[in-house]
Amino acid sequence: MNRTATAQGRRMQRRQPSAGNRIAGFFGELLITLGILLMLYVVWELWWTNIDSAQAQKEVTANLVQELGDVKVPEINEEEEEEKDYGPAPVTELVPGETFGIMYFPRFGANGSHHPVTYGVEDHVIDNLGIGHYPTTQQPGELGNFAVAAHRQTHGQVFWDIDKLQDGDKIYLQTAEGYYTYTWYATEIVAPSNGDVLLPTPHQWGVEPTKSILTMTTCHPKYSTQQRMIAYSELTDWRPLDAGPPQEIRDMVIDATS
Amino acid sequence: MYAWIFRNLPGPLWLRILEALILIAAIVLLLMMYVFPWLNQYISPFTDSTIGQSTP
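Because the structure is predicted, anything quoted here is derived from the model rather than measured.

**So, helix 5 (residues 250-257) of chain A**
Residues and elements named next belong to chain A.
Move 1: All of the buried residues in helix 5 are M252, V253 and A256. Looking straight down helix 5, one finds its buried side chains confined to an arc of 100°; they lie on one side.
Move 2: In this structure, the buried residues of helix 5 make contact with helix 2 (19-68), strand 1 (99-105), strand 2 (113-119) and strand 5 (170-175).

**Describing the interface of chain B and chain A**
Move 1: With 16 residues of chain B in contact, the opposing surface of chain A contributes 31 residues.
Move 2: Examining the composition of the side of chain B that touches chain A, we find that four residues originate from one element, helix 2 (residues 13-39) of chain B, more than from any other.

**Observations concerning the UniProt feature "transmembrane region" (unreviewed entry) in chain A**
Move 1: UniProt feature "transmembrane region" (unreviewed entry): in the numbering of this structure it lies at residues 21-44 of chain A.
Move 2: Taken as a whole, residues 21-44 of chain A contains 100% helix and 0% strand, while its terminal C-alpha atoms sit 34 Å from one another.

**Focus: the UniProt feature "transmembrane region" (unreviewed entry) in chain B**
Move 1: The positions that UniProt labels "transmembrane region" (unreviewed entry) are, in the present scheme, residues 13-36 of chain B.
Move 2: Segment residues 13-36 of chain B splits into 100% helix and 0% strand. End C-alpha atoms: 33 Å apart.

**Considering the sheet that holds strand 7 (residues 212-220) of chain A**
Residues and elements named next belong to chain A.
Move 1: Strand order in the closed barrel formed by eight strands is 1-2-3-4-7-8-6-5, and the pairing between neighbours is mixed. The sheet shows a mean angle of 30° between the axes of neighbouring strands, direction not considered.
Move 2: In terms of strand pairing, strand 2 meets strand 3 (residues 131-133) through three bridges, oriented parallel. Bridging across to strand 3, Y119 finds its partner in H133.

**Details of the pairing of strand 1 of chain A**
All names here are of chain A.
Move 1: Within strand 1, seven of the seven residues are buried, which leaves the element mostly enclosed by the surrounding structure.
Move 2: Judged from the six bridges that link them, strand 1 and strand 2 form a sheet pairing that is antiparallel. Bridge pairing in strand 2 places F105 opposite S113.
Move 3: Bridge count between strand 1 and strand 5: four bridges; the pairing is antiparallel. The residue of strand 5 that forms the bridge with M103 is L173.

**Section: the nonpolar core**
All names here are of chain A.
Move 1: If you look at the biggest cluster of nonpolar residues, it comprises 48 residues, and the most contacted ones within it are M103, Y104, V148, Y172, Y180 and A231.
Move 2: Contributions of two or more residues to this core are made by strand 1, helix 4 (123-126), strand 4 (144-149), strand 5, strand 6 (178-190), strand 7, strand 8 (227-239) and helix 5.
Move 3: Of the residues forming this core, the biggest block, six residues, is contributed by strand 8.
Move 4: Residues within four places of Y180 in sequence aside, it is in contact with A89, P140, G141, Y172, L173, L235 and W238.

**Remarks on the packing of helix 2 of chain A against helix 2 of chain B**
Move 1: The geometry of helix 2 of chain A relative to helix 2 of chain B is characterised by a closest axis approach of 11 Å and an angle of 65° between their N-to-C directions. If you check the angle between helix 2 of chain A and helix 2 of chain B, you find them roughly perpendicular. Where helix 2 of chain A crosses over helix 2 of chain B, the handedness of that crossing is right-handed. Residues A:L40, A:Y41, A:W44 and A:W48 of helix 2 of chain A pack against B:V28, B:L31, B:M32 and B:F36 of helix 2 of chain B.
Move 2: The residue inventory of the contact of helix 2 of chain A with helix 2 of chain B, partitioned by class, reads eight nonpolar, no polar and no charged.

**Description of the environment of B:L13**
All names here are of chain B.
Move 1: Among the secondary structure elements, L13 is positioned in helix 2.
Move 2: A tally of 9 C-beta atoms within 10 Å means that L13 is categorised as exposed.
Move 3: Expressed as a C-alpha distance, the spacing of L13 and L30, which sit 17 residues apart in the sequence, is 26 Å.

**Side note on the confidence of the model for chain B**
Move 1: Averaged over all residues, the pLDDT of chain B equals 82, while 80% of them reach at least 70.
Move 2: Taken over the whole predicted complex, pTM reads 0.82, whereas the ipTM for its chain interfaces reads 0.82.

The rules behind each value
Residues numbered from 1 in each chain as written. Chains lettered and ligands numbered in written order. Predicted model: local features only at pLDDT ≥ 70, side-chain atom pairs only at ≥ 80, totals over all residues. Buried ≥ 20, exposed ≤ 12 C-beta atoms within 10 Å, placed from the backbone. Helix = DSSP H or I, 4+ residues; strand = E, 2+ residues; numbered from the N terminus. Arc of directions from axis to C-beta. Contact = placed C-beta atoms within 7 Å. UniProt positions renumbered as here; feature names shortened; annotations may be inferred. Pairing = 2+ DSSP bridges. Axes fitted to C-alpha atoms, helices over the stretch in contact; angles between N-to-C directions. Core = buried A, V, L, I, M, F, W, Y, C linked by C-beta atoms within 7 Å. Parallel < 35°, antiparallel > 145°, perpendicular 65-115°, else oblique. Left-handed = near helix turned anticlockwise from the far one by under 90°. Nonpolar A, V, L, I, M, F, W, Y, C, P; charged D, E, K, R; others polar. pLDDT = per-residue confidence, 0-100.

Here it is, written out as structure tokens:
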């Protein structure tokens, strides 16, 4: 009895704060709420967007894999197979809005990574679907510049490890035409406005391209959009889908397409 | 504000705690799935990775 009475008494006291107290209390709660909202936004940006992106990438990759058909891994002598030259690479014709390939990066992450490549670099593409292709640049296999963009951080952080590329590193692109092998040769950091890197021959206006290159653009430094990191690779090899994936990414391809 | 909401939840104390937790979870999910993706069109601190062209 006594305890209840005391509790009630206390509640009575609490129920009649001064007007100033109530206003201060209200603003206090408002500020706490704002703080929590901001923290949640950061959590969403840094963590949740990666999960959303991974899910969306998985879906488009699965769809593409169905179109490409089963991966063929021929049972021939491997060394012989690697040396075989299949001639010049054909051009993969790109259709607006379509996801047309899967890129494999043996250098990225602990055991390499792979991501779908989609036509266009609008937000809805690179926020959700991994890698986007600049439609104003050349197609895979064409002479000139096959340029793509992806996020450095958040939304899948596809190009997080782009600064780790080193001599001899390969980047592979699997499309309906086959497997394109690109060999990394240079990385540079430029201003975000520097569109010259997308020219058929980067930085050189009006120069006819003599080789096929892959240009990857992303943010730099990490957690900022101050600059862009640009990684260049040259098309060094190609093989048809029937020949099976190149040795280095055989397991990755099987993993990605099963 | 929060004290008022908590006082006005129905049921005994344990149920009100449960209700409060569910409310919090619902609000967080709503923010994560709808509000923040929508907000992201207007404020994106570090999500512009393209170069040399105005992204739509």
